[in-house]
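What follows is the residue order along each chain.
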Amino acid sequence: MINFRPPETRTRPPAGTSSGPSTAVTAEKALSFISKGWQEVRSSADADLQLIKNRANKFKNIADRELENFLNSASISPFTGPVITASAANTPPAEIDFVKKLRPKLSEFRRAYSSSQGKLKIDLSAIKNAIVAEVEEEEERERERWRKWRNERIKEERGQFGEFDWEPIRAFKTRLKELEVEIKGTSSSPAEIFEGIKNSEFVGKVKSSLKSICKEPEETKGVPPLDVPELLAYLVRQSSPFLDQIGIRKDVSEKIVESLCSKGQNKFLLHSLSGGGSSLIDGDIMSDELDLRIASVLQSTGHCYDGGFWEDSTKQHLPGDKRHVAIVTTASLPWMTGTAVNPLFRAAYLAKSEKQNVTLLVPWLCKSDQELVYPNQLTFSSPEAQELYIRTWLEERIGFKADFKISFYPGKFSKARRSILPAGDTSHFIPSRDADIAILEEPEHLNWYHHGKRWTDKFNHVVGIVHTNYLEYIKREKNGALQAFFVKHINNWVTRAYCDKVLRLSAATQDLPRSLVCNVHGVNPKFLKIGEKAAADKQIGQKVFSKGAYFLGKMVWAKGYRELIDLLSKHKTEFDGFNLDVFGNGEDAHEVQSTAKRLNLNVNFMKGRDHADDSLHGYKVFINPSISDVLCTATAEALAMGKFVVCADHPSNEFFQAFPNCLTYKTPEDFVAKVEEAMSSEPRPLTPEEQYKLSWEAATQRFMEYSDIDKILSNETTLDRRRRKGMGKSVSMPNLEGMVDGGLAFAHNWLTGNEFLRLCTGAIPRSRDYDKEHCNDLHLLPPQDMLSKLDAC
């Protein structure tokens, strides 16, 4: 209903009130408002009538005389509209009825319009009701079509799958009806009725079906319970981290476990591990089988372990065929040190196989630190410039283009430790999407002051490679024995907390948790080519070695210079006429040269140079008396070039003793004899097998094998194969060793977050986070913003 209100009739004002100009202005405004409203009503009515016309076009020639009179009257009134001629001769009855519903009551319309005192109304309820009725009819027809389709669909499904009342349900209903009839037909007591139901054939079949569904596995039947020796053996083996921290070595713990496994009811374990009368208890096999024994008992009891407080289930499971390997190291070129060169070659040869994507993460030093570390005052203004230098240096030596990524993390140089320490959380510079396998070069060094996410939580597998014998260096300092004691246990702490596997280049390093000895370093291919050329020249009769002996290394006392001067001075008479050329630069250069000069030794000191320099090709004997090295790269390079090597009989040289040109000595007198032997004979050319053993291809193959990365990449381990043959070890079994490792990581993270404790242990001030200069050089956000952004990746 639309109401039009004409202006109301004015009434006289009460006595005592003024009816001056203000009243006239008010009336004038009212008339203006009414006139404006009337125009809006008129335009609205025109629009409504136009809609009615469009609707009526569907029913041509249907209007009757009464509708024609209505439209004619509207053309006279302010509601002007087009005249529609009507002819209902050929009009369907339904359409005529609909039009009749649209007729307004003309008498009421004219009466309301002609009256100036009342309300002007147009009753459009008939139009509204007609439209609503038509919509409702359409909806009803739609519902009817849906019900028809649904009934047809149900009939089709019944025809395809049969009735819903399928055989088991129908049988169940039938049996219930029979049971009801039996109960009604008997006058037994309720107890007898229920007893009959319990013993009925139907209930028996239900019981047998449930038993078949809930049938226990065969392997869980007859599992004997654990006895005291088994429990003690498992407790000792799981407590090995704690026992190691208090001084009980791992091999002692393993002997205790083996002894306990041979007693009491552990004969069952021995029997399960033996075949043909020969015991298989050996190292990891015994450990795995003890776990399987515990798991079998837990499985037979239905125990399920939901994980511990330290467990982290956020490790990445990366899709696709290629895995990702991130190599994190503590130094970078142009600093010619082992932790800068060897990780670079490792990244190149891992990427060469194209089985995995590789990222090399190296430290970025600010300009002031670069001037202290890099030789010849070489500095870089940006990481891109240093990356270009690194790639150019590498490609000149390996002969192929290595496809791997080089990234930088903030680092600071410690003058006291003569090494680079990370600033901030290094793990955050590997995005979470690439966090798959991590290789930590010098894991103890990287994690001394690590304050951030635990490596083994972020990565699926973490391998540490120990390069340096820090204990040997520390013992030479003031209060060295006490410092070495603390550093030893800190190294155990951080490697246990942050590494899954640790590879030691030689037995000269500290015995760390989960570690084994394997040389996973090779030599620059350039040295092998020099050796091949020397062998070819010798074969055609040319003289290859025209010079005598030399020593090359960083000129610090700990790098073998102390041992060298002691040997030469002690046997000065035996070495009369023997000259030794020494190449190197370092912090102790002046003191070393002064000592040699004071002792009047036949030593010629020269500036350090690349070992592949042409000026060094003619030397025949490389002398290296150092016992502080873990695995001397210069020794391997000298052997690759076909030279003699005279070195100490020391665990660090164990790998080289298999080569015929390596001459080792045990005493100072033996040293003199080996030098004389080398100077008076010619070295043997390397065989192809020996060349391959020194190459980076062989080193990479050894690394993949001993680090378990090849098994991870193939997603199969020895234990996996054994699990397919029988019952597997429960991955949800509580692991005391993992809980201890998690606790150690938590405690270390808490301690390294305290700036005072960091400073007390020798950390660089304000190195928990990187500084503003690192932000500018590496285009980093402030530390907190950076961490949140990298976590989002």
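Just so you know, the residues in each chain are numbered from 1, in the order the chain's sequence is written. The predicted origin of the model limits local features to residues at a pLDDT of at least 70 and limits the giving and counting of side-chain atom pairs to 80 or more, whereas totals for whole chains, interfaces and linings rest on all residues. The side-chain values count all of the structure's non-hydrogen atoms but skip hydrogen atoms and water molecules.

A. Structural context of the packing of aromatic side chains. Stacked, tilted and edge-to-face are the three classes assigned to paired rings of Phe, Tyr and Trp, where Trp is represented by its six-membered ring and a pair needs centres within 6.5 Å; plane angles under 30 degrees give stacked, over 60 edge-to-face, the rest tilted. Applying the stated criterion across every chain, the model contains 22 aromatic pairs. Each ring, one from Phe655 and one from Phe656, has its centre 5.7 Å from the other, and the planes form 80°; the classification is edge-to-face. There is no split in this pair, since Phe655 and Phe656 are both buried. An aromatic cluster of at least three residues, connected via ring pairs, comprises Tyr550, Phe551, Tyr561, Phe583, Tyr619 and Phe622. In this arrangement the basic side chain of Arg417 is found over the ring face of Trp448, its NZ or CZ atom lying 5.4 Å from the centre. Over a ring means this: the NZ of a Lys or the CZ of an Arg is within 6 Å of the ring centre and within 35 degrees of the ring normal. Here Arg562 stacks its cationic end above the ring of Trp557, 4.0 Å away from the centre of that ring. Buried means the residue's accessible area, taken with a 1.4 Å probe over protein chains only, is under 20% of the maximum for its type, while exposed means over 50%, and partly exposed covers the values in between.

B. How the structure looks around the sheet that holds strand S15 (residues 644-648). For two strands to be treated as a pair, DSSP must find at least two bridges joining them. Strands here mean DSSP runs of E at least two residues long; helices mean DSSP runs of H or I at least four residues long; both are numbered from the N terminus. On the basis of which strands lie adjacent, the open sheet formed by six strands has the order S13-S12-S11-S14-S15-S16 and parallel pairing. Pairing within the sheet leaves two strands with one partner each, and these edge strands are strand S13 (603-606) and strand S16 (662-665). In this sheet, adjacent strand axes meet at a mean angle of 25° when their direction is disregarded. Alignment of strand S12 (residues 580-583) against S13, held across four bridges, turns out to be parallel. The residue of S13 that forms the bridge with Phe583 is Met606. Those strands touched by helix H22 (residues 561-570) are strand S11 (547-552), S12, S13, strand S14 (619-624) and S16, and its axis lies near 165° from that of S12. Packing against the sheet, helix H25 (residues 668-679) makes contact with S11, S14, S15 and S16, and its axis sits at approximately 160° to S16. Only C-alpha atoms enter the line fits that serve as axes; for helices the fit covers just the stretch in contact. Angles between N-to-C directions range over 0 to 180 degrees. By definition, residues are in contact when any of their heavy atoms lie within 4.5 Å.

C. Up close: the state of the cysteines. The definition used for a disulfide is geometric: two cysteine sulfur atoms within 2.5 Å. Applying the stated criterion across every chain yields a total of zero disulfides. Sulfur of Cys647: no disulfide; nearest cysteine sulfur belongs to Cys662 and is 3.6 Å away.

D. Main features of the confidence of the model for the protein chain. Note: pLDDT gives the predictor's confidence per residue, expressed from 0 to 100. Mean pLDDT over the protein chain: 76, with 66% of residues reaching 70 or higher. Counting contacts from residues 77-95, a segment whose pLDDT is below 50, to residues more than four positions away or on other chains yields 39 contacts.

E. Looking closely at the environment of Phe400. By the secondary structure assignment, Phe400 is in the loop between helix H16 (383-398) and strand S5 (405-414). Sequence-wise, Phe400 and Ala348 are 52 residues apart; in three dimensions their C-alpha atoms are separated by 9.1 Å.

F. Quick peek at helix H27 (residues 696-706). Within H27 the residues assigned to the buried category are Trp696, Ala698, Ala699, Thr700, Arg702, Phe703 and Met704. Backbone geometry just downstream of H27 places Asp708 in the positive-phi region, at approximately 70°.

G. Local environment of the nonpolar core. Nonpolar cores are built from buried Ala, Val, Leu, Ile, Met, Phe, Trp, Tyr and Cys residues. Side-chain atoms within 4.5 Å join them into one set. Membership of the largest hydrophobic core comes to 131 residues, with the highest contact counts inside it found for Leu394, Phe404, Ile623, Val646, Leu694 and Phe703. No other element matches the nine residues that helix H14 (residues 338-352) contributes to this core. Contacts of Phe703, omitting those with residues within four sequence positions, involve Arg346, Leu350, Ile439, Val463, Ile465, Leu503, Val520 and Ile709.

H. Fine view of the side chain of Arg346. Within the element layout of this structure, Arg346 appears in helix H14. Here Arg346 is in contact with Ile327, Glu441, Ile465, His467, Val520, His521, Trp696 and Phe703, once residues within four sequence places are set aside.

I. The arrangement of the packing of helix H9 (residues 228-238) against helix H11 (residues 250-261) in detail. Taken N-terminus to C-terminus, the directions of H9 and H11 make an angle of 165°; their axes are 8 Å apart at the nearest point. The angle between H9 and H11 places the two elements in the roughly antiparallel class. When the axes of H9 and H11 are compared, the crossing they make is left-handed. Packed against H9, whose contacting residues are Pro229, Leu232, Ala233, Val236 and Arg237, the element H11 presents Ser253, Ile256, Val257, Leu260 and Cys261 at the interface. Three residue categories are used. Nonpolar comprises Ala, Val, Leu, Ile, Met, Phe, Trp, Tyr, Cys and Pro, charged comprises Asp, Glu, Lys and Arg, and polar comprises the others, including Gly. Along the lines of polarity and charge, the residues of the contact of H9 with H11 split into eight nonpolar, one polar and one charged. Angle categories are assigned with fixed cut-offs, so that under 35 degrees is roughly parallel, over 145 is roughly antiparallel, 65 to 115 is roughly perpendicular, and the rest are oblique. Each crossing gets its handedness from the near helix: less than a right angle anticlockwise from the far helix is left-handed, clockwise is right-handed.

J. The arrangement of the pairing of strand S8 (residues 461-466) in detail. S8 sits mainly inside the fold: six of its six residues count as buried. Side-chain alternation along S8 places His461, Val463 and Ile465 on one buried face and Val462, Gly464 and Val466 on a second face that is also buried. Judged from the five bridges that link them, strand S7 (residues 437-441) and S8 form a sheet pairing that is parallel. Following the sheet pairing, Ala438 is matched in S8 by Val462. As paired elements, S8 and strand S9 (residues 501-504) share four bridges and run parallel to each other. When the bridges of S9 are listed, Val463 appears paired with Lys501.

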